[in-house]
Amino acid sequence: GEAKLLRQMRDELLTVLYNNLSGLHVNGGMEQRIPGNLNISVEGVDAESLMAALPDLAFSSGSACSSASNEASYVLNAIGLATDLAESSLRIGLGRFTLHEEVNYAANRLIEEIRNIRKNRQVLSVNAAE
């Protein structure tokens, strides 16, 4: 059914991200979650920058419980995420109208922007050190 399809698309998205990016963390267990929901943290990338770079994709930062607040989600901190990882936490929602091609598009855009943000941060820290 629909849940199974959503789970497959979510797992496919996660696989593509894992295969192309280092420092990727899935927040919470994979079993006890809504099929179309993926919450990840990416080392060295804050969610706000990523969301700003990807206005064409539908995701949000933090946990579902903290979408109204800007501080790193206490829910994510409670499950043991360091604050910097909690701040890089992204919620990706797949709906029943998410197509296979859209999943690939989203994965590729995420990978591209995460690499950009990391590259820019390295440049900044090198400049700061000089």
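Structure first, text after, so check above.
Residues numbered from 1 in each chain as written. Predicted model: local features only at pLDDT ≥ 70, side-chain atom pairs only at ≥ 80, totals over all residues. Heavy atoms only, no water.

1. Examining the pattern of salt bridges
Which entries qualify depends on this criterion: For this document, the term salt bridge refers to a Lys or Arg side-chain nitrogen within 4 Å of an Asp or Glu carboxyl oxygen. Secondary structure is summarised from DSSP: a helix means a run of H or I of at least four residues, a strand means a run of E of at least two, and numbering begins at the N terminus for each. Exposure is judged per residue with a 1.4 Å probe applied to protein chains only, and the accessible area is read against the type maximum: over 50% gives exposed, under 20% gives buried, and values in between give partly exposed.
Following the criterion strictly, the structure yields three salt bridges and no others. Measuring nitrogen to oxygen at the nearest pair gives 3.3 Å for the salt bridge that ties Glu112 to Arg109. Of this pair, Glu112 and Arg109 both sit in helix α5 (residues 100-129), separated by three residues, roughly a single helical turn. Classification of Arg109 as buried rests on a relative accessible area of 14%. The closest approach of N and O atoms between Glu113 and Arg109, which form a salt bridge, is 3.3 Å. With Glu113 and Arg109 both in helix α5 and four residues apart, this pair spans about one turn of that helix. Accessibility expressed as a relative area gives 13% for Glu113, which makes it buried. Three or more residues joined by partner-sharing salt bridges are found here, namely Arg109, Glu112 and Glu113.

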